[in-house]
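Inside the fold
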Amino acid sequence: MTSLTANYPAIVVTPLLREIPVTARSDMRVPVRIYADEELWRQIVDDRSLEQAVNVATLPGVTGCVYAMPDVHEGYGFPVGGVAATRAGDGVISPGGVGYDINCGVRLLATGLEAEAARPRLEAAVHDLSRSIPSGPGRNPWLDLSGPDLDRVLQDGCRYLVERELALPEDITVTEASGSLPEADPAQVSEKAKRRGHDQLGTIGSGNHFVEVQVVDQVFDAAAAYGLTRGQLTVLIHTGSRGLGHQVCTDYVRRMDQVMADYGIHLPDRQLACAPLSSPDGKAYFAAMCAAANFAWSNRQAITHSVRKVFARAFGEAGRLRLVYDVAHNIAKLERHGNELLCVHRKGATRAFGPAHPETPERYRAIGQPVFIPGSMGTASYVLAGTDAGLALSFGSACQGAAKRARTGAEVRHELEAKGIIVRCPSSGELAEEAPTAYKDVERVVDVVHRAGLARKVARLRPVGVIKG
Amino acid sequence: MMSVGSIAPWHDIADHTSELRIRLRAGSLGELLAEAGRALAEIQLRGTAAAASGDWRRLEVSAPDRAGLLAEWLNELVYLGETERWVATEFAVEPAGTRAVTARVRGMTLERAPGLVKAATLHGLRVDEVPGGVSGEVVLDI
């Protein structure tokens, strides 16, 4: 489709940055800035993501620029890979700007094992992971939460899991927001949402979610590698808030769709439904979203507990797993940028704060916050470090991963196994859906992020075992 | 309530990256919602034929308009699938105007929740009157 570029002519600011000016459409309030090289730009104009980014630029109270990451692609209302900040005082909050899978995110665990030394027991360990961590639409038979326990997860997130001995105290020091947003209010989460989520803690879910065993195959900056060394075995967990988060989004998109006109808000896309953050509707969504985010961090933490047990069985003390970091990529956060308190919506985008930011964990103050960019299943993933410059470039944000581009055929299992990757997935159909060739080139996406200064390349991880949701 | 037109119920399911798009046509809003339910069941059962069993159950949903009703209706069925492992396959839908619907449905309980569809979205959602009935379109998050 060439009409989009014709409708929204983009100015080339630098070889890696284009801008759709605020004058491109009469209802825009801010410009749209897109990070991409020529090849990624050709892919971006191929879907409706630019039109969606322009729609986001019409939201009341939106400020600065709307940013599109190099992996941006068409979503529901907001494009996936989009960042938009609204003023906390008079701006809106939009459930569509967070997405259905609230706090979908990634965490990286590092072992003390060399991959080569672990190889004789690796296949058995991957199979044990597959048996121990429910995937697909599965429920968790060993962690069904009753009402008060689920409310504690929603209220306190990973802090509650420390009490339950499902998390180590040091885990929460290297989890975004310590795995617990204080603005959460379980009372704003519907009974329907709680019923969907009560037995899903510690499960991968379906879609593009996975647990992947990896080896560090390249270190770009040894001094800033978060303790990662070449040949080391790692585990990457990618999942979110499961049915609970989906129901929270469904509930509040419906609610805001019904009340939006009362606030005098009229938008070009119904899925952008929003309400002023300071309104009762906006406050209720924010409190529910924070609770769902706490559930998602707890979900990844509960999976971590299962992975640790499996690795202890397989490798003993050498299989001890250190949490490197956990970062969200579907969330709205209250952040101070300059003198303003903003509600930063990151949908399919990762926070990437630099060394100087107070929310960067103490132990990473010399490096910057870790950023994880998972590739598609079977391709490399990347570890990057946030930069201080990124605050001005993208509200301190980087991309989420190698976004989907198109669907592929069905022989994925054989392709992956031919590459020596151990695959555990209940559905060949869903395996095909997540085929590497269905995604944009992660190397190119990461290269643009690095060269644009949004985050710095630190290490590359190669998969050796996949448990697919 | 709209009159019943001449269009036979029809649906088409198209997949796109992380979503499924259902296009619908039927002689009335009630038939359109019933056809949407059959399309969802086709996705949830992954094309395998299955007969309904057990008692009819009553569902009620409401929304600000006809298009919203389509999304609400499907979201209710998605919710029942995930929480009860129950998929509806037979429908008798009675709209009460354009903002509410009462339905009697029958279906089946599965061994495992049908996890593919997670939500019906408002993205590109529409229900329009056309000669002989109504047409609609809804995008499902998967």
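None of these values were measured; they are calculated from a predicted model.

The rules behind each value
- Residues numbered from 1 in each chain as written.
- Chains lettered and ligands numbered in written order.
- Predicted model: local features only at pLDDT ≥ 70, side-chain atom pairs only at ≥ 80, totals over all residues.
- Pairing = 2+ DSSP bridges.
- Helix = DSSP H or I, 4+ residues; strand = E, 2+ residues; numbered from the N terminus.
- Axes fitted to C-alpha atoms, helices over the stretch in contact; angles between N-to-C directions.
- Contact = placed C-beta atoms within 7 Å.
- Buried ≥ 20, exposed ≤ 12 C-beta atoms within 10 Å, placed from the backbone.
- Nonpolar A, V, L, I, M, F, W, Y, C, P; charged D, E, K, R; others polar.
- pLDDT = per-residue confidence, 0-100.
- Expected span 1.5 Å × (residues − 1).
- Left-handed = near helix turned anticlockwise from the far one by under 90°.

In this section: the sheet that holds strand S4 (residues 62–73) of chain A. All names here are of chain A. A sheet is described by the order of its strands in space; here seven strands give the open sequence S1-S2-S3-S4-S5-S13-S12, paired in mixed fashion. Both outer strands of the open sheet, strand S1 (11–14) and strand S12 (330–337), are each paired with one neighbouring strand and no more. The sheet shows a mean angle of 25° between the axes of neighbouring strands, direction not considered. Here S1 runs beside strand S2 (residues 17–20); their pairing, made up of three bridges, is antiparallel. Residue Val-12 lies in a different strand from S2, and its bridge partner there is Arg-18. Seen against the sheet, helix H3 (residues 49–56) touches S2, strand S3 (32–35), S4 and strand S5 (80–87) and runs at an angle of roughly 160° to S4. Packed onto the sheet, helix H13 (residues 442–452) meets S2, S3 and S4 and runs at close to 145° relative to S4.

Within helix H5 (residues 147–156) of chain A, the full set of buried residues consists of Leu-150, Val-153, Leu-154 and Asp-156 of chain A. Just downstream of H5 of chain A, Gly-157 of chain A is the residue with a positive phi angle, here 55°.

Once that is clear, we can look at the interface of chain A and chain B. Facing 23 residues of chain A, the contacting portion of chain B comprises 23 residues. Elements supplying a minimum of two residues to the side of chain A that touches chain B: helix H7 (191–197) and helix H8 (242–259) of chain A. Tallying contributions element by element places H8 of chain A first for the side of chain A that touches chain B, with seven residues. Grouping the amino acids of the side of chain A that touches chain B by side-chain chemistry returns six nonpolar, ten polar and seven charged.

To continue, consider the confidence of the model for chain B. Per-chain confidence: chain B averages 91 in pLDDT, with 97% of residues scoring 70 or above. Scoring the predicted complex yields pTM 0.92 and, for the interface, ipTM 0.90.

Residues and elements named next belong to chain B. Pairing in this open sheet of three strands is antiparallel, and the strands run S3-S5-S4 from one edge to the other. The outermost strands of the open sheet, each flanked by one partner alone, are strand S3 (53–62) and strand S4 (86–95). Taking each pair of neighbouring strands and ignoring which way they run, the sheet shows an average axis angle of 30°. Strand direction decides the pairing type here: S3 and strand S5 (residues 100–109), joined by seven bridges, are antiparallel.

Turning our attention to helix H1 (residues 29–44) of chain B. Count 3.6 residues to each turn of an α-helix, and residues three or four apart come out pointing the same way. All names here are of chain B. An ideal rise of 1.5 Å per residue puts 22 Å on 16 residues; H1 measures up with 22 Å between its terminal C-alpha atoms. Across the 16 residues of H1, 13 count as buried, placing the element largely inside the fold. One or two positions beyond H1, positive phi appears at Arg-46, with a value near 55°.

Residue and element names in this part refer to chain B. In contact at an axis separation of 10 Å, H1 and helix H2 (residues 66–84) are set at 35° when each is read in the N-to-C sense. Crossing geometry of H1 relative to H2 is assigned as right-handed. From H1, Leu-29, Leu-33, Ala-36, Gly-37, Leu-40 and Gln-44 reach across to H2, where they touch Arg-66, Leu-70, Trp-73, Leu-74, Leu-77 and Gly-81.

Once that is clear, we can look at the environment of Ser-278 of chain A. Residues and elements named next belong to chain A. Turning to its location among the elements, Ser-278 is positioned in the loop between strand S10 (275–276) and helix H9 (280–315). C-beta crowding within 10 Å serves as the criterion here: with 16 such atoms nearby, Ser-278 is assigned to the partly exposed category. Distance from Ser-278 to Asn-299, taken between C-alpha atoms, is 29 Å for residues 21 residues apart in sequence.

For the rest of this paragraph, the subject is the confidence of the model for chain A. On average, residues of chain A score 91 in pLDDT, and 90% of them reach the 70 mark or higher. Overall, residues 404–410 of chain A carries pLDDT values under 50, and its contacts beyond four positions in sequence, including any with other chains, amount to 20 contacts.

The next thing to look at is the environment of Gly-231 of chain A. Residue and element names in this part refer to chain A. Relative to the assigned elements, Gly-231 resides in the loop between strand S8 (210–219) and strand S9 (232–239). With 13 C-beta atoms packed within 10 Å, Gly-231 lands in the partly exposed category. Residues Gly-231 and Ala-115, spaced 116 residues apart in sequence, show a C-alpha to C-alpha distance of 5.8 Å. Here Gly-231 is in contact with Glu-114, Ala-115, Glu-116, Val-215 and Val-216, once residues within four sequence places are set aside.

Moving on, we come to the pairing of strand S8 (residues 133–141) of chain B. All names here are of chain B. For S8, the tally of buried residues reaches seven of nine residues, placing the bulk of the element in the interior. Bridge analysis of strand S2 (residues 19–26) against S8 gives eight bridges, and the strand direction is antiparallel. The residue of S8 that forms the bridge with Arg-25 is Ser-135. Across two bridges, the pairing between strand S6 (residues 119–120) and S8 is antiparallel. By the bridge assignment for S8, Ala-120 is matched with Leu-140. The antiparallel hairpin formed by strand S7 (residues 126–130) and S8 contains two residues in its connecting segment, where Gly-132 sits at a positive phi of about 90°.

This part takes up the pairing of strand S13 (residues 340–347) of chain A. Residues and elements named next belong to chain A. Across the eight residues that make up S13, a large majority, six, are buried. Summarising the sheet, S5 and S13 pair through six bridges and their orientation is antiparallel. Bridge pairing in S13 links Val-83 to Arg-346. Note: S12 against S13, eight bridges, orientation antiparallel. Looking across to S13, one finds that Ala-332 is bridged to His-345. Between S12 and S13, which pair antiparallel one after the other, the connecting turn spans two residues, and Gly-338 there sits at a positive phi close to 65°.

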